[in-house]
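Coordinate inspection notes
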Amino acid sequence: MWLYLIIFFIPVLAYADGDAVNRNKTFLAYYLGALALFVGLSDMFGGYDRYIYADVFDSIANGITYGLRYDTIAALTYFEPGYSSLSLLIALFSANRYIYILTITLIMYFCFYKAFSKNMTNYPLAIIIFLGMAFFFSFTYLRQVLAFSVAWVGVNYLIEGKKWKFFIIALIVASLHKSGVVFAGLYFMPTKKWEPSKVIAILAVCAIVGFSGITSSLYDAYASISTMSMNGYNADSGARIAYFLEVAFFVCIILSNYKKIDPSRHNLIFLNMSWAFCAILLLFIRSSEGGRIAWYFTLGIIYTITLICTTARNRKKIKNSLGIVMITVMLLLYVRVYVAWQNGYYLYPYKTFLTNGHRNPDPLWSHFEYDHRYDNDKFYRPAFRFPK
C-alpha cells in the first residue's frame, strides 16, 4: 500500500508548501502524466472490466488483420458507437491490447489535465480530491471514465455559452457510454444560486425516492440489457451508505461556506454540478452501480471545494482546518477503495506490461485470462503497425 500512499501524499506536500492560489501547470502536467503512465502501463489491474474490453478490442483488431469489412466485424456492435469507433481507430495502428489500454488511459488523463488546468484555482488540492473520488476507477472502468473525462472538458463550452459545441460534446459522451446522456441535463439547470432551504428540500425528495428503490430498480433493469455482468468480480465497494455520508459531508461543507461562493456564471455552473452529483447519489442510494452516473458531475465537487478553500478570508485558518479536513476525508475515501479492491488483489503487487508473465497472486488472471500467449510475450500481437 505504501506505493499508493506515496502517490497520494505528493500533492499533499505540494498543497502544504504552496500558496492558496496554486496554478503551477508544470506540476499538474508532470503529476497527471506520471499518473497516466502508472495506470496505463499496469498489467490488467482493477477488475474484470479490463479483460472484457481487451477481449473485444482483440476481436476488432483480428478483423482488421484479416482484412474484413468494417460492417462485418461483429465486435464493433458490442459497445456504444463512439467507443467502438475509437477502438477501431486504435486497432488500425496496433493489434495489442496493452497499447489499446494505454492509449485510452492517456486520452482520459489528457482530458483531466485540460479540465483542471482551465478551471481549478489550486491544482494540488484539486488532485487530492480527484484521488479520493475518482482515481481508482480509471484502472478498470475504461469506457465510463473516458466518457466523463470528455464531459469534464465540455463543461467550459457551457460556461462560455457555446451551446452547440456543448451539445456536440454531450453527444460524444453519450456515444462513449449510454449513461452519459445525463450530462446534457446540465444545460437545463437554472444558472442561479439556490436558497439553502430549497437545496435541502430537493435533496430530501431525492433521498426519499432513492430509499424507495424505484430508481435503483429502473437502473438495474436498464443495466441488465445494456451492460455486462461483472460475474461476481465487481470492483465497486458496494458500500451504499457511503453515498449518504458523502452527500451529507459535501452539503455541509458547501452550505456552511455558501457566502464565499461568488455568484458568477462560472461558479454557478460548477455549483449546479455539485448539486447534481449529490442528487444522483441519493436517487441511487440503493444501487451499488447506479451512483456511477454521478461521476459526470464530480468535477463540480472538486471545483467548488477547491474554490471554497481558495477564497477563504483567512488562508492559514483554512489550511489548518478545512484543508486538513478535506485531506483527511479524501485519504479515508482513497484507502477505503484501495482496501475493498485489494481484497481481490486488483491493485497490488504492482506490475507493468513491459515485462512478461503475470502477477502472483492474481485471481483475475486465473479466472478471466482469455489468451495465455500474453503470459509468454506481451507483444506477441503487433504493438504498432501502419494501416493498409
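Rules of the game
Residues numbered from 1 in each chain as written. Predicted model: local features only at pLDDT ≥ 70, side-chain atom pairs only at ≥ 80, totals over all residues. Heavy atoms only, no water. Helix = DSSP H or I, 4+ residues; strand = E, 2+ residues; numbered from the N terminus. Rg over C-alpha atoms; globule rule 2.2 N^0.38 Å. Buried < 20%, exposed > 50% of the residue type's maximum accessible area, 1.4 Å probe, protein only. Contact = heavy atoms within 4.5 Å. Areas by Shrake-Rupley, 256 points an atom, 1.4 Å probe, with all protein chains shown as cover. Phe/Tyr/Trp six-rings, centres within 6.5 Å; stacked < 30°, edge-to-face > 60°. Lys NZ or Arg CZ within 6 Å of the ring centre and 35° of its normal. Patch = residues over 30% accessible without salt bridge, like charges linked within 9 Å, V, L, I, M, F, W, Y side chains within 5 Å. Salt bridge = Lys/Arg side-chain N within 4 Å of Asp/Glu carboxyl O. Core = buried A, V, L, I, M, F, W, Y, C linked by side-chain atoms within 4.5 Å. Expected span 1.5 Å × (residues − 1). Axes fitted to C-alpha atoms, helices over the stretch in contact; angles between N-to-C directions. Parallel < 35°, antiparallel > 145°, perpendicular 65-115°, else oblique. Left-handed = near helix turned anticlockwise from the far one by under 90°. Nonpolar A, V, L, I, M, F, W, Y, C, P; charged D, E, K, R; others polar. pLDDT = per-residue confidence, 0-100. Lys, Arg positive; Asp, Glu negative; His and termini not counted. Charge placed at Lys NZ, Arg CZ, Asp CG, Glu CD.

**Observations concerning the overall build of the chain**
What the chain contains, in helices and strands, is 17 helices and 0 strands. Its C-alpha atoms give the chain a radius of gyration of 21 Å, near enough to 21 Å, the size a compact globule of 388 residues would have. Considering only C-alpha atoms, the chain reaches an extent of 60 × 40 × 40 Å along its principal axes. Counting only residues that meet the buried cut, the chain has 58% of its 388 residues in that class. Considering only contacts in the chain between residues 6 or more positions apart, those separated by 24 or more positions represent 79%. Surface exposure of the chain reaches about 16400 Å², of which carbon and sulfur atoms provide 65%.

**A word on the packing of aromatic side chains**
Counted under the stated rule, the structure contains 52 aromatic pairs. Both rings, one in Tyr53 and one in Tyr83, keep their centres 5.8 Å apart while their planes meet at 50°; by these two values the pair is tilted. Here Tyr53, found in helix H3 (residues 48-65), pairs with Tyr83, found in helix H4 (residues 81-93); they are 30 residues apart in sequence, far enough to count as distant. Each member of the pair, Tyr53 together with Tyr83, is buried. With a centroid separation of 5.6 Å and an interplanar angle of 45°, the aromatic rings of Tyr141 and Trp295 are classed as tilted. Note that Tyr141 is positioned in the loop between helix H6 (123-133) and helix H7 (142-159) and Trp295 in the loop between helix H12 (265-283) and helix H13 (298-311), a separation of 154 residues in sequence. The cationic tip of Arg97 hangs over the ring face of Tyr374; the distance from NZ or CZ to the ring centre is 3.9 Å. Its end group placed over the ring of Tyr258, Lys193 keeps NZ or CZ at 4.8 Å from the ring centre.

**Describing a nonpolar patch on the surface**
Together, Phe211, Ile241, Phe244 and Leu245 line one region of the surface with nonpolar side chains, adding up to about 420 Å² of accessible area. Ranked by residues supplied to the nonpolar patch, first place goes to helix H11 (residues 241-256) with 3 residues. By the element assignment, Phe211 lies in helix H9 (residues 196-212).

**Description of the nonpolar core**
Tyr4, Phe116, Phe130 and Phe135 are the most contacted members of the largest nonpolar core, which totals 143 residues. The element contributing the most residues to this core is H12, with 13 residues. In this structure, Tyr4 is in contact with Phe38, Phe45, Phe135, Phe136, Phe139, Tyr334, Tyr338, Leu347, Tyr348 and Tyr350, ignoring residues within four places of it in sequence.

**Some remarks on the pattern of salt bridges**
Enumeration over the complete set of coordinates arrives at 10 salt bridges. Each of Asp43, Lys351 and Lys378 takes part in salt bridges that share partners, so that together they form one network.

**Concerning the side chain of Thr306**
Along the polypeptide, Thr306 turns up in helix H13. When residues no more than four places from it in sequence are discounted, the contact partners of Thr306 are Met120, Thr121, Asn122, Leu125, Ala126 and Ile129.

**Some words on H4**
Here H4 spans 19 Å end to end across 13 residues, near enough to the 18 Å set by a 1.5 Å rise per residue. Those residues of H4 not exposed but buried are Gly82, Tyr83, Ser84, Leu86, Ser87, Leu88, Ile90, Ala91 and Leu92. Of the surrounding elements, those touching the buried residues of H4 are H3, helix H5 (97-119), H7 and helix H8 (163-176).

**Looking at the packing of H3 against H4**
Each packed pair of helices is defined by two parameters, the angle between the axes and the distance between the axes. Interaxial distance between H3 and H4 falls to 9 Å at its minimum, and their mutual angle equals 55°. Compared by their axis directions, H3 and H4 come out oblique. The handedness of the crossing between H3 and H4 is right-handed. Taken together, the residues of H4 that come into contact with H3 (itself represented by Tyr53, Phe57, Ile60, Ala61 and Ile64) are Tyr83, Ser87, Leu88, Ile90, Ala91 and Leu92. Taken together, the residues that form the contact of H3 with H4 break down as 10 nonpolar, 1 polar and no charged.

**Some remarks on the confidence of the model for the chain**
Averaged over all residues, the pLDDT of the chain is 90; the fraction at 70 or higher stands at 91%. Across residues 227-239, where pLDDT falls below 50, the model places 37 contacts with residues more than four positions away in sequence or in other chains.

**Observations concerning a positive patch on the surface**
A surface patch of like charges, here positive, comprises Arg23, Lys25, Lys114 and Lys118. Checked against the element boundaries, Lys25 lands in helix H2 (residues 25-40). Exposure remark for Lys25: the relative accessible area of 43% places this residue in the partly exposed category.

**Observations regarding unusual backbone geometry**
A cis geometry characterises the amide bond from Tyr348 onward to Pro349, with omega recorded as 5°. Residue position: Pro349 is located in the loop between helix H15 (322-342) and helix H16 (363-368). Geometrically, the link from Asn360 to Pro361 is a cis peptide bond, its omega value of 5° lying close to zero. By secondary structure assignment, the location of Pro361 is in the loop between H15 and H16. Residue Met44 is not a glycine yet carries a positive backbone phi of 60°. Within the element layout of this structure, Met44 appears in the loop between H2 and H3. With phi around 55°, Tyr345 is a residue other than glycine that occupies positive phi space. Take Tyr345: it is sitting in the loop between H15 and H16.

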